[in-house]
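Residue-level structure breakdown
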Amino acid sequence: MRNKTKTFLILAGIILLGFLLRIIGLDKPDGFWYDEAITYYSASLNSIFEVVKSTVHGPLYFTLLHFWIKFIGESDLVIRLFSVLTGVLTIPIMYLAGKELKNSNLGLIAATLTGINSLFIYYSQEVRFYPLLIFLVAINALFLIKSAKKPDCKNFTCLGISMLLVISTYVLSFLFVFFEIIALWIYIYFEKKDFLKIFYKFLMSLTLVGLIFTFFALNNFISTFMGIGKYYRNTFDVFPFDLSVLFMIFQNWTTPQIIGLTNNITGYVEKLFLNTPINELAVFVLFPMGIQLITFLKGILEKKKLTIIHILAITIIGFLGVEIIATLLNKFSIVTRYTLVCVPFFILICSYGLFIMKKTRILMTYLVLTSIFYIITVPYSAPKMQRPEGQKLGAALLNKYPLNEKDIVLLPLVPYQLDKHFKKKSKRISLESTFINDKKGLASIIGNENAQILNAKTSYDVFKNYLSSKYAPKSLEKFLQKKYYNNLENGRYFIIVENKSFNIYSKRDLNFVTNSVEYEKQSIIFMLLSKLTFDIVDISYDNLIPVSIDNNGPWVIYIFKKDN
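Not measured: the values here are computed from a predicted model.

**What about the overall build of the protein chain?**
For the protein chain, the count of helices and strands is 25 helices and five strands. Expected size for 564 residues packed as a compact globule is a radius of gyration near 24 Å; at 26 Å, the protein chain falls within 12% of this value. Seen along its three principal axes, the alpha-carbon backbone of the protein chain occupies a region of about 85 × 50 × 50 Å. Here the protein chain holds 564 residues, and 57% of them are scored as buried. Within the protein chain, contacts between residues at least 6 apart in sequence are counted, and of these 72% link residues at least 24 apart. Accessible surface for the protein chain amounts to roughly 24900 Å². Of this, 63% is attributable to carbon and sulfur atoms.

Structure follows, in structure tokens:
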């Protein structure tokens, strides 16, 4: 009884610590970043049908957030609290999974590593589905361990439900679940052959339900991201990749110093060693990475026969292997957030490795103290990081002007990306929807013939002349005149919104890039956004009256008025 009370108090302390670390800097003064703004837009639609239809990933998170917004509130802080809640609830679930794996001591190690994990803390403050995904994967791990230890109908049913919930949150997790099933089958085949019949029944039931959802979700995902349908480009080309990115991802999994969460940093290892003081590098990066790599390997290699640890490891290796191969084939780009589904399994393996090592307390003390010290004292630690772009800053610029439905606001990617804080009525269009994904808009910058032959393979050749040109095409000017300028009433505004997170190239950069071997290593979408912005600003100076140029953080807005 005394031991149970002690364990309960320690676990309560770990949960409290995890909660406190997750509410530091929760109210981000710059507001949402692009992905969060899109998430808010989808979740805040009027009906569940619209919410589900608008999502690229699984509908579960967006549905839950829809009701959270409807009944709890929609301030930035309140919406972020939903992620905090799921992040904190993951801690006791990981305790239960660790306890099921061995005993309560292992459970406390798993809960502690979950509570102080900087990557988990960061996403516990983000308005995205990742904290819910981590929570559901932790539940999945719990029932996977139960099913491996006792393969009966009850445990398999709970495992199947947890798998479907994971898939319904993040579409690519169908690969994770696939390798999890393969790993579980291998384990049961070699270690518990008497339970194969019940496993096959479980597999048939799961397949019938899971394939239906996976087909629709995956079809939506592929059509959006992989260059199918109206998209001629691979959306993943915005994420640069080299092998040092894998080091960066592992660093994000295991250390308090996390980096490159919105985009990859190429040549990262060299930059890390050149720019980080050796003591900081050793204490906060190399030692934590080394400890968890050793404990991971220790957990896997402890026994020669197949164990539950190997089920977890095979699932991680299979999922990451597919992502890495797809990245090397230019069909995908692995980034830290696309690997989050693996991290709860990884933590359980490391926890087991720590548990069986002789110096568990010393290593755990080091990991805990360095994480807490870094999070509290470093201004760019996980909970203190401001999200990029700062949608609230861009909206504040637009809110200065007396806009109405007769004004036109041209945004970079989607017309609704500032809707969380920019409530004034106006006609909102975007560069991506009007000129990049629309055939008439495309024809205005590259001509009809080129627009007809445009696809993922020809895109760099087709756009090269346009991107390298110093002047805007006359056809683009005629398109703008016919569609927008001529229909704008006298005295009304035409506003061009630029964000340096998307418009990353200067005019000089484009002249250099399009005449060098580096050209095809750059992202088509970012080059187009930059060039189109320059051209439309120049054309607007010739056709409208310039009012002002205003900026706030990464945002720049060009205000023009029609006055004939």
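**Comments concerning helix 18 (residues 391–398)**
Most of helix 18 is tucked away: six of the eight residues are buried. Residues of helix 18 that are buried: Gln 391, Leu 393, Gly 394, Ala 395, Leu 397 and Leu 398. Tucked into the core, helix 18 has its buried residues touching helix 2 (34–43), strand 1 (408–411), strand 3 (493–499), strand 4 (545–552) and strand 5 (555–561).

**Observations concerning the environment of Ile 198**
Note on placement: Ile 198 falls in helix 11 (residues 196–225). Separated by 45 residues in the primary sequence, Ile 198 and Cys 153 have C-alpha atoms spaced 7.3 Å apart. Leave out the neighbours within four places in its chain, and Ile 198 touches Pro 151, Asp 152, Cys 153 and Phe 156.

**Some thoughts on the nonpolar core**
Membership of the largest hydrophobic core comes to 164 residues, with the highest contact counts inside it found for Trp 253, Phe 463, Phe 494 and Ile 536. Element by element, the count of residues in this core is highest for helix 8 (residues 130–149), at 15 residues. Of all hydrophobic cores here, the second largest spans 16 residues; its members include Leu 393, Leu 398, Tyr 401 and Tyr 493.

**Here's the deal with the side chain of Thr 336**
For Thr 336, the location among the structural elements is in the loop between helix 15 (308–328) and helix 16 (343–356). A residue is classified by how much of its surface remains accessible, and Thr 336, at 0% relative accessible area, is buried.

**Quick word on empty space enclosed by the protein**
Evaluated as defined, the whole model comprises two cavities of 30 Å³ or more. By volume, the largest cavity is sized at about 120 Å³. As for the largest cavity, its lining consists of 14 residues, and the residues nearest its centre are Ile 116, Asn 117, Thr 254, Gln 292 and Ser 371. When contributions to the lining of the largest cavity are tallied by element, the ones reaching two or more residues are helix 6 (104–116), helix 12 (244–254), helix 14 (278–301) and helix 17 (360–377). Among the elements that make up the lining of the largest cavity, the one with the highest residue count is helix 17 (three residues). Residues belonging to the lining of the largest cavity are distributed by class as follows: seven nonpolar, seven polar and no charged. The space that makes up the second largest cavity amounts to roughly 40 Å³. Around the second largest cavity sit Arg 22, Gly 87, Thr 90, Thr 114, Phe 120, Ser 124, Pro 131 and Ile 134, which together line it.

**A short note on a nonpolar patch on the surface**
Together, Leu 16, Phe 19, Leu 20 and Ile 23 make up a nonpolar patch on the protein surface, roughly 330 Å² of accessible area in all. Look at Ile 23 and you get partly exposed, because its relative accessible area is 32%.

**A closer look at the pattern of salt bridges**
Applying the stated criterion across every chain, the model contains 16 salt bridges. Between Asp 152 and Lys 150 there is a salt bridge whose closest N-O contact spans 3.8 Å. Assessed through its relative accessible area of 21%, Asp 152 is described here as partly exposed. Several salt bridges share partner residues, and in doing so they unite Asp 76, Lys 392 and Lys 420 into one network.

**Quick word on the environment of Arg 508**
Relative to the helices and strands, Arg 508 resides in helix 24 (residues 507–513). Separated by 40 residues in sequence, Arg 508 and Ser 468 have C-alpha atoms that sit 9.7 Å apart.

**A short note on the state of the cysteines**
Under the criterion given, the structure shown has zero disulfides. Not part of a disulfide, Cys 153 finds its nearest cysteine sulfur in Cys 158, a span of 11 Å. You can call Cys 153 exposed: its relative accessible area is 52%. Of all cysteine sulfurs, the one in Cys 342 lies closest to Cys 350, which takes part in no disulfide; the gap is 13 Å. Since its relative accessible area comes to 0%, Cys 350 is described here as buried.

**Description of the side chain of Gln 257**
With respect to the helices, strands and loops of the structure, Gln 257 is situated in the loop between helix 12 and helix 13 (268–275). According to the relative accessible area criterion, Gln 257 is buried, its value standing at 8%. If we ignore the near neighbours within four places in the chain, the residues touching Gln 257 are Gln 251, Asn 252, Tyr 268, Leu 272, Glu 280, Phe 284, Val 285 and Tyr 374.

**Details of the pairing of strand 3**
Across the seven residues of strand 3, seven count as buried, placing the element largely inside the fold. Residues of strand 3 alternate between two faces, with Tyr 493, Ile 495, Val 497 and Asn 499 on one and Phe 494, Ile 496 and Glu 498 on the opposite face, all of them buried. Here three bridges tie strand 1 to strand 3, and the two strands are oriented parallel to one another. Bridging from a neighbouring strand, Leu 410 pairs with Ile 496 of strand 3. Note: strand 3 against strand 5, seven bridges, orientation antiparallel. By the bridge assignment for strand 5, Phe 494 is matched with Phe 560.

Rules and cut-offs
- Residues numbered from 1 in each chain as written.
- Predicted model: local features only at pLDDT ≥ 70, side-chain atom pairs only at ≥ 80, totals over all residues.
- Heavy atoms only, no water.
- Helix = DSSP H or I, 4+ residues; strand = E, 2+ residues; numbered from the N terminus.
- Rg over C-alpha atoms; globule rule 2.2 N^0.38 Å.
- Buried < 20%, exposed > 50% of the residue type's maximum accessible area, 1.4 Å probe, protein only.
- Contact = heavy atoms within 4.5 Å.
- Areas by Shrake-Rupley, 256 points an atom, 1.4 Å probe, with all protein chains shown as cover.
- Core = buried A, V, L, I, M, F, W, Y, C linked by side-chain atoms within 4.5 Å.
- 1 Å grid on protein atoms, 1.4 Å probe; cavity = no way out; pocket = protein on both sides within 12 Å on 5 of 7 lines; lining within 4 Å.
- Points joined across faces, edges and corners; volume = space filled by probe spheres on them.
- Nonpolar A, V, L, I, M, F, W, Y, C, P; charged D, E, K, R; others polar.
- Patch = residues over 30% accessible without salt bridge, like charges linked within 9 Å, V, L, I, M, F, W, Y side chains within 5 Å.
- Salt bridge = Lys/Arg side-chain N within 4 Å of Asp/Glu carboxyl O.
- Disulfide = S-S within 2.5 Å.
- Pairing = 2+ DSSP bridges.

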